[in-house]
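Fold and geometry: a report
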Amino acid sequence: MKLKVCGMKLEHNIQDVAVLQPSYMGFIFYEKSSRYFNGNIPEISENIKKIGVFVNATFDFIRGKVEKHDLQGVQLHGNESPELCQRLKDLDIIVIKVFSIKNQFDFKVLEPYEEVCDLYLFDTKGKEPGGNGYVFNWNVLKKYPSAKPYFLSGGLGPKEIDAILLFLKRPESHLCFGLDLNSKFETAAGLKDVSKLKAFKQQLLANNYEA
Ligand SMILES: O=C(O)c1ccccc1NCC(=O)[C@H](O)[C@H](O)COP(=O)(O)O
């Protein structure tokens, strides 16, 4: 099970979280977010993929951030078109398209994205485009029609570990590729609590999920 720690902001905290070796780290390039990243990413292990998070940004803006920060992938949280996803995929980076869910979801909207992104991320629909801090109804994923792996996201925190472990035993989770962690592991916006992340990872490992 891959772990993605999203909404990293401060250099020392990035380095501390990197010690835990999450597979992915997310940096939010959306000015309205309290986790907006406007710094420099310190040297971290090459095993950690750096993912830029965007909301309805232009191709040139995204490419600029990919080049400046040597990002290995992008995560798109707005109404980005399949054409934009294709242009980004042509840069040879990982393209993660986000879809937000509450109690229902029309999976037909995935169809135009099937060929043009690498992974989906299912987040909770809320007031903000991301980082809303609560879970959606995972039963919706029982109808997931695609063969594409996805990240489960939205309000995942230490208190959700039992529910997550149960979910991972259910058939609809068989394409769940990773867990995306954010606000439930913070002491302040963008500042991750390393001990909470460490404990969460250990609980996954204890249940035989490589993380
Ligand atoms: O976290 C934000 O502030 C944010 C703002 C705008 C777009 C995306 C954002 N976060 C991206 C993520 O991948 C979060 O991890 C995801 O939305 C889940 O967050 P949370 O509900 O806090 O666990």
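Keep in mind the model is a prediction, meaning the values are calculated, not measured. (Residues numbered from 1 in each chain as written. Predicted model: local features only at pLDDT ≥ 70, side-chain atom pairs only at ≥ 80, totals over all residues.)

Each helix and strand in the protein chain was counted, giving five helices and 10 strands. Computed over its C-alpha atoms, the radius of gyration of the protein chain comes to 16 Å, within 12% of the 17 Å expected for a compact globule of 211 residues. Along the first, second and third principal axes, the C-alpha atoms of the protein chain reach 40 × 40 × 30 Å. Considering the protein chain as a whole, with its 211 residues, one finds that 37% of them fall into the buried category. (Helix = DSSP H or I, 4+ residues; strand = E, 2+ residues; numbered from the N terminus. Rg over C-alpha atoms; globule rule 2.2 N^0.38 Å. Buried ≥ 20, exposed ≤ 12 C-beta atoms within 10 Å, placed from the backbone.)

The next point concerns the site of the ligand. Around the ligand there are 27 residues in total, and C6, G130, G131, N182 and S183 lie nearest to it. Taken together, the elements giving at least two residues each to the shell around the ligand come down to β2 (24–28) and β6 (119–124). (Near = placed C-beta within 6 Å.)

What follows is about the pairing of β2. With five of five residues buried, β2 is to be regarded as a mostly interior element. Residues of β2 alternate between two faces, with Y24, G26 and I28 on one and M25 and F27 on the opposite face, all of them buried. Direction of pairing for strand β1 (residues 2–5) relative to β2: parallel, over a ladder of two bridges. Looking at β2, one finds that K4 is bridged to Y24. Note that the unit made of β1, helix α1 (residues 11–18) and β2 has a crossover that is right-handed. The sheet contact formed by β2 and strand β3 (residues 49–54) spans five bridges and is parallel. Paired with G26 across the bridge in β3 is I51. (Pairing = 2+ DSSP bridges. Right-handed = clockwise from strand over helix to strand, strands pointing away.)

A separate point is helix α5 (residues 194–206). For α5, with 13 residues, the first-to-last C-alpha span of 18 Å sits near the 18 Å given by 1.5 Å per residue. Taken residue by residue, α5 has L197, F200 and K201 as its buried positions. Take α5 and look down its axis: the buried residues cluster within an arc of 95 degrees, on one side only. Turned more than 90 degrees away from the buried face of α5, the exposed residues are S195, Q202 and A206. Buried residues in α5 make contact with β1, α1, α4 (161–167), β8 (176–181) and β10 (191–192). Looking one or two places after α5, you find N208, whose phi comes out positive at around 65 degrees. (Expected span 1.5 Å × (residues − 1). Arc of directions from axis to C-beta. Contact = placed C-beta atoms within 7 Å.)

Before going further, it helps to spend a moment on the UniProt feature "domain: N-(5'phosphoribosyl) anthranilate isomerase (PRAI)" (unreviewed entry) in the protein chain. UniProt's entry tags residues 4–202 with the feature "domain: N-(5'phosphoribosyl) anthranilate isomerase (PRAI)" (unreviewed entry), counted in the numbering of this structure. Taken end to end, residues 4–202 comprises 22% helix and 23% strand; its first and last C-alpha atoms sit 15 Å apart. (UniProt positions renumbered as here; feature names shortened; annotations may be inferred.)

Here the focus is the environment of F61. Position of F61 relative to the elements: it lies in helix α2 (residues 59–69). Taking the C-alpha atoms as reference points, F61 and F29, 32 residues apart in sequence, are found 9.5 Å from one another.

Before going further, it helps to examine the sheet that holds β1. Pairing is parallel around the closed barrel formed by eight strands, whose spatial order is β1-β2-β3-β4-β5-β6-β7-β8. Within the sheet, the average angular offset between the axes of one strand and its neighbour, ignoring direction, is 30 degrees. Relative to β6, strand β5 (residues 94–101) runs parallel, the two being bridged by six bridges. Bridged to V98 within β6 is L121. (Axes fitted to C-alpha atoms, helices over the stretch in contact; angles between N-to-C directions.)

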